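Coordinate inspection notes
One-letter residues, chain by chain:
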Amino acid sequence: MSTTLKRVHGYLAEFDSVKELYHAAEKVNEAGYNRWDVHSPFPIHGMDHAMGVKRSKLPWLVFFGGAAGTTTAFLLQYITQVKLYPTIVQAKPATIFSLPAWFPVMFELTILFSAFTTLFGLLALIGLPRLNHPLFASKRFPKFSDDGFFVCIEARDPKFSQVGTKSFLEEIGGKNIELVEDEI
Amino acid sequence: MEATATAPAHTPADGAPRVLEREPLVLNNRSYSWITNRICGIVENKQPGLWWLLFVPSVILTGVMVFCFVYLISTGVGVWGQKQPVAWAWDITNFVFWIGIGHAGTLISAILFLTRQKWRTSVNRAAEAMTLFAVMCAGLFPAFHVGRVWMVWFLAPIPNANAIWQNFKSPLLWDVFAVSTYFTVSVIFWYIGLIPDLATLRDRCKPGLKKMLYGTFALGWRGGNRHWSHYETAYMLLAALSTPLVLSVHSVVSFDFATSVVPGWHTTIFPPYFVAGAIFGGFAMVLTLMIPARKIYGLQDLITPKHIDNMAKIILLTGTIVGYAYSMEFFMAYYGANKFELQTFQLRGLYGPSTWAYYFMFSFNVFAPQLFWIRWCRHNMWMVMFVCMCVNAGMWFERYVIIATTLERHLTPGSWRTYEATWVDKVTFLGTFGFFMMLFLLFLRFLPVIAIGEVKGVLPQSNPHQDDHPETGIQEEDLMDYADRHVAKTVNA
């Protein structure tokens, strides 16, 4: 299982409370780090602001997903009701003028396609599912889903240095600072 | 931890207005790990004896339901009591009843989310689960009512052997799309909400099959804020999508009736009337399930009297809307001067063969919830359960009145017939309760019944600016506006 070759993933520092984590995040952001994240059991109000995270692009994806749903439903109904097998029922013409009666299905498929785009768009944007992650090697890290608050600065950050980043994390109040390594 | 609601309201020295402290959503200053332990404990520990006491009969009833459907398939749909002119009876009543119950779950998860009602966090998970299970029960009835259930694929947009397509102008087909979309979107919403909590369960398990399963479904969640940021957007989008969806589903269900020309059905009030009734009945079912569950699993600090009070108020509101709709229906039958419509309502409520059902409906749905004007009734759990049971029964009777008693007295007196349900009707319906309870109990057994992450997020100590403005007593969330949350600094990222 374990090999001798290891690569540094980054430094993991623990904080005691939401408030400390929030202020730590502000400081890491000010220090100019790029490849880092905070880990918490729940989303923290205002953390995007503290970290300088931009607003998610997901709504754009969902807009186009929804538009695809509307179009699919329209074409499904137009092609089958007008082109393939026109049936005149309910005193409605088998033409485009039956459009109002097609609205419910167009609405439902818009929602359906949007919801699927939300799910798969979310997974694509956050890069999940994945089978493992270097952070799971840390003994303390699983606390993140209970009551742990962590900052992780990754080694691929251009400002990362094995000594400097550690002392920086100590400076901003990080506890139990741990070097997380990735087995290659 | 100190600045919580048990502390008295702050009195500013400079004479600024006194601000009332909000009632806390989690009682007794519970910590994060207490919440985790308490909710995960339900899944990790042995189930109480009562769980088995409910589970075994539920499984038996599910078996009975399966038997009834097998009997129906092997004999024919005539084993149910419907005969002309009552072609829709218990089956469609049950369908509308179950689908309506689901609506409270979506209301709690979507509409209360958009309106920032933080108390929803303690009840949304269970309510959403209830939605899914109720929709599963609902779907069975129309599927078997088609008669030859092996032809049920005709509902899907696939041409038949003569290349004829479905009639997309029919409300029955709209219903197929509405209900299946509703179910799918509810599953997605529920699942996205579950991901962080599955990660919690994963992190608490010892290595083994359980950890592997929870881990697989948690998708490798690490709780990073760069993930939470997208996650919260996704959650909000789904809430915004589900809100019109839930309103559309029961509207479309009501179109099944309203677009026909049957007197008593052909009314424009149906969509809002059905939606209000669905939310009403659904909340009663949420309380019916949650009041015993909070007691059995010791969740009183998380599902507090305030939560129950809020839900009771929603029942009061929607019950009153339903009462208004009943009265308005009657008034319009009189005022509209359509003698068929008027006759239908006279037969329904005054001197028809099934007026008893109308009286049950009216007293259970309109009078019983009025007790919730009294604070004591909203805070006494037995009283709340009593009203909820009335509403559960009343909402079934409402659909029975609308569907069966209307058809009993159709336009032509020559074809009038009094409807009687057979034992198969009754036992099948009872069986779906077993099926519903079985699924709900399995949910309690294997998944976190309360959204752990969301509840932690509404604790006072979860606010990073908790003590920044202690002098006014105003909660920080009031001061932090939307822009603060969503406009990013341009430093990097």
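Only a predicted model underlies this, so the values are computations on that prediction, with no experimental measurement involved. (Residues numbered from 1 in each chain as written. Chains lettered and ligands numbered in written order. Predicted model: local features only at pLDDT ≥ 70, side-chain atom pairs only at ≥ 80, totals over all residues. Heavy atoms only, no water.)

1. What to know about the overall build of chain A
Of the regular secondary structure elements, chain A holds five helices and four strands. Going residue by residue from the N terminus, the α and β elements of chain A occur as β-α-β-α-α-α-β-α-β. For chain A, whose C-alpha radius of gyration is 25 Å, the value lies well above the compact-globule estimate of 16 Å for 184 residues. Dimensions along the principal axes, computed over C-alpha positions, put chain A at roughly 80 × 40 × 30 Å. By the burial criterion, 47% of the 184 residues in chain A qualify as buried. Long-range contacts, defined here as pairs at least 24 residues apart, represent 78% of the contacts in chain A between residues at least 6 apart. (Helix = DSSP H or I, 4+ residues; strand = E, 2+ residues; numbered from the N terminus. Rg over C-alpha atoms; globule rule 2.2 N^0.38 Å. Buried < 20%, exposed > 50% of the residue type's maximum accessible area, 1.4 Å probe, protein only. Contact = heavy atoms within 4.5 Å.)

2. Description of the overall build of chain B
Check the secondary structure of chain B and you find 17 helices and zero strands. A total of 493 residues make up chain B; the buried ones form 58% of that total. Summarising the internal contacts of chain B: among those between residues at least 6 apart in sequence, 78% fall at separations of at least 24. Of the roughly 20200 Å² of accessible surface on chain B, 69% is carried by carbon and sulfur atoms. Measuring between centres, the 35 positive side-chain charges of chain B sit 8 Å from its 29 negative side-chain charges. (Areas by Shrake-Rupley, 256 points an atom, 1.4 Å probe, with all protein chains shown as cover. Lys, Arg positive; Asp, Glu negative; His and termini not counted. Charge placed at Lys NZ, Arg CZ, Asp CG, Glu CD.)

3. So, the pattern of salt bridges
Within the structure shown, the criterion is met by 15 salt bridges over all chains. Put simply, Arg-202 of chain B and Asp-203 of chain B hold a salt bridge, and the shortest N to O gap is 2.9 Å. Here Asp-203 of chain B falls in the buried class, since its relative accessible area comes to 18%. Each member of the salt-bridge network shares a partner with another, and the members are Glu-14, Arg-140 and Lys-143 of chain A. (Salt bridge = Lys/Arg side-chain N within 4 Å of Asp/Glu carboxyl O.)

4. Remarks on the interface of chain B and chain A
In this complex, chain B contributes 70 residues to the contact, which on the side of chain A involves 75 residues. Considering only the side of chain B, the residues that lose the most area to chain A are Lys-169, Arg-222 and Arg-226 of chain B, jointly responsible for 13% of the buried surface there. Summed over the shared surface of chain B and chain A, the result is zero salt bridges. Taken together, the links from chain B to chain A amount to 27 residue pairs in polar contact (both at pLDDT 80 or more). (Buried area = accessible area lost by both parts, 1.4 Å probe. Polar contact = N/O pair within 3.5 Å; in protein donor to acceptor, adjacent residues only side chain to side chain.)

5. A short note on a nonpolar patch on the surface
There is a patch of nonpolar side chains on the surface, built from Ile-73, Trp-150, Met-151, Trp-153, Phe-154 and Ile-158 of chain B and spanning about 560 Å² of accessible area. By the secondary structure assignment, Met-151 of chain B is in the loop between α4 (124-145) and α5 (171-204). (Patch = residues over 30% accessible without salt bridge, like charges linked within 9 Å, V, L, I, M, F, W, Y side chains within 5 Å.)

6. Some remarks on the domain arrangement of chain A
Along its sequence, chain A is carved into domain 1 (6-54 + 133-183) and domain 2 (58-126). A C-alpha centroid distance of 44 Å is found between domain 1 of chain A and domain 2 of chain A. (Domains from an automatic or database assignment.)

7. Details of the side chain of Lys-456 of chain B
Structurally, Lys-456 of chain B is set in helix α15 (residues 452-457). Summary of buried charges: Lys-456 of chain B has no salt-bridge partner, and the nearest side chain of opposite charge, Asp-146 of chain A, is 4.1 Å away. Engagement of the side chain of Lys-456 of chain B in a polar contact is seen with the side chain of Thr-36 of chain B, the distance being 2.9 Å. Other than its neighbours up to four places away in sequence, Lys-456 of chain B contacts Pro-41, Phe-42, Ser-145 and Asp-146 of chain A together with Tyr-32, Ile-35, Thr-36 and Ser-462 of chain B.

8. Comments concerning the environment of Trp-80 of chain B
By the element assignment, Trp-80 of chain B lies in the loop between α2 (49-75) and α3 (90-114). Among all residues touching Trp-80 of chain B, those that are not within four sequence positions of it are Phe-69, Leu-72, Asp-91, Phe-141, Phe-144, His-145, Thr-422, Val-424, Asp-425 and Thr-428 of chain B.

9. Considerations on the environment of Gly-298 of chain B
Relative to the helices and strands, Gly-298 of chain B resides in the loop between α8 (270-296) and α9 (305-335). Leaving out residues up to four positions away in the same chain, Gly-298 of chain B has contacts with Arg-38 and Ala-293 of chain B.

10. What about helix α13 (residues 381-408) of chain B?
All names here are of chain B. Here α13 spans 39 Å end to end across 28 residues, near enough to the 40 Å set by a 1.5 Å rise per residue. The largest bend along α13 reaches roughly 35° and is located at Val-401. α13 sits mainly inside the fold: 24 of its 28 residues count as buried. Near the N-terminus of α13, the side chain that reaches the backbone nitrogen of Trp-382, with its oxygen 2.9 Å away, is that of Asn-380. (Expected span 1.5 Å × (residues − 1). Bend = angle between axes of the 7 residues up to and from the residue.)

11. Overview of the pairing of strand β3 (residues 149-154) of chain A
On a regular strand, one side chain projects to one face of the sheet and the next to the other, so that they alternate. The element β3 of chain A is largely enclosed, with a buried count of six among its six residues. Side chains Phe-149, Val-151 and Ile-153 of chain A project from β3 of chain A onto one buried face, and the interleaved Phe-150, Cys-152 and Glu-154 of chain A project onto a second face that is buried too.

12. Some details on the environment of Asn-338 of chain B
All names here are of chain B. Along the chain, Asn-338 turns up in the loop between α9 and α10 (339-351). Using a relative accessible area of 38% as the deciding quantity, one classes Asn-338 as partly exposed. C-alpha separation for the pair Asn-338 and Pro-263, spaced 75 residues apart in sequence, amounts to 8.9 Å. Only 2.9 Å separates the side chain of Asn-338 from the backbone nitrogen of Phe-340, close enough to count as a polar contact.

13. Observations regarding the packing of α3 of chain B against helix α7 (residues 225-258) of chain B
All names here are of chain B. For the pair α3 and α7, the least separation of the axes is 9 Å and the interaxial angle reads 155°. Classified by the interaxial angle, the pair formed by α3 and α7 is roughly antiparallel. Like other packed secondary-structure pairs, α3 and α7 cross with a definite hand, here left-handed. The segment α3 lies against α7, with Ile-92, Phe-95, Val-96, Ile-99, Gly-100, His-103, Thr-106, Ala-110, Ile-111, Phe-113 and Leu-114 engaging Tyr-235, Met-236, Ala-239, Ala-240, Ser-242, Thr-243, Val-246, Val-249, His-250, Val-253 and Phe-257. (Axes fitted to C-alpha atoms, helices over the stretch in contact; angles between N-to-C directions. Parallel < 35°, antiparallel > 145°, perpendicular 65-115°, else oblique. Left-handed = near helix turned anticlockwise from the far one by under 90°.)

14. What about the packing of aromatic side chains?
All names here are of chain B. Counted by the stated rule, this structure contains 65 aromatic pairs over all chains. Here Phe-67 and Tyr-71 contribute two aromatic rings whose centre-to-centre distance is 6.3 Å and whose plane-to-plane angle is 10°, an arrangement assigned as stacked. One end of the pair is Phe-67 and the other is Tyr-71, both in helix α2 and four residues apart, which spans about a single turn. With a centroid separation of 5.9 Å and an interplanar angle of 80°, the aromatic rings of Trp-174 and Phe-255 are classed as edge-to-face. Note that Trp-174 is positioned in helix α5 and Phe-255 in helix α7, a separation of 81 residues in sequence. The exposure class of Trp-174 is buried, given its relative accessible area of 9%. Stacked on the ring of Trp-34, the Lys or Arg Arg-30 has its end atom at 4.1 Å from the ring centre. (Phe/Tyr/Trp six-rings, centres within 6.5 Å; stacked < 30°, edge-to-face > 60°. Lys NZ or Arg CZ within 6 Å of the ring centre and 35° of its normal.)

15. Looking at the sheet that holds β3 of chain A
Residues and elements named next belong to chain A. An order of β2-β3-β1-β4 is seen for the four strands of this open sheet, with the pairing classed as antiparallel. The open sheet has two free edges, formed respectively by β2 (36-39) and β4 (175-183), since each of these has just one partner strand. On average, each strand axis in the sheet is tilted by 25° relative to the strand beside it, whichever way the strands run. As defined by bridge partners, strand β1 (residues 6-15) adjoins β3 across six bridges and the pair is classed as antiparallel. Across the sheet, Phe-15 pairs through a bridge with Phe-149, a residue of β3. (Pairing = 2+ DSSP bridges.)

16. Overview of helix α1 (residues 18-30) of chain A
Residue and element names in this part refer to chain A. Between its first and last C-alpha atoms α1 spans 18 Å; for 13 residues at 1.5 Å apiece the expected length is 18 Å, and the two agree. Every buried residue of α1 is accounted for by Val-18, Leu-21, Tyr-22, Ala-24, Ala-25, Val-28 and Asn-29. In an axial view of α1, the angular spread of the buried residues amounts to 165°, which keeps them on one side of the axis. Two residues or fewer after α1 comes Gly-32, characterised by a positive phi angle close to 90°. (Arc of directions from axis to C-beta.)

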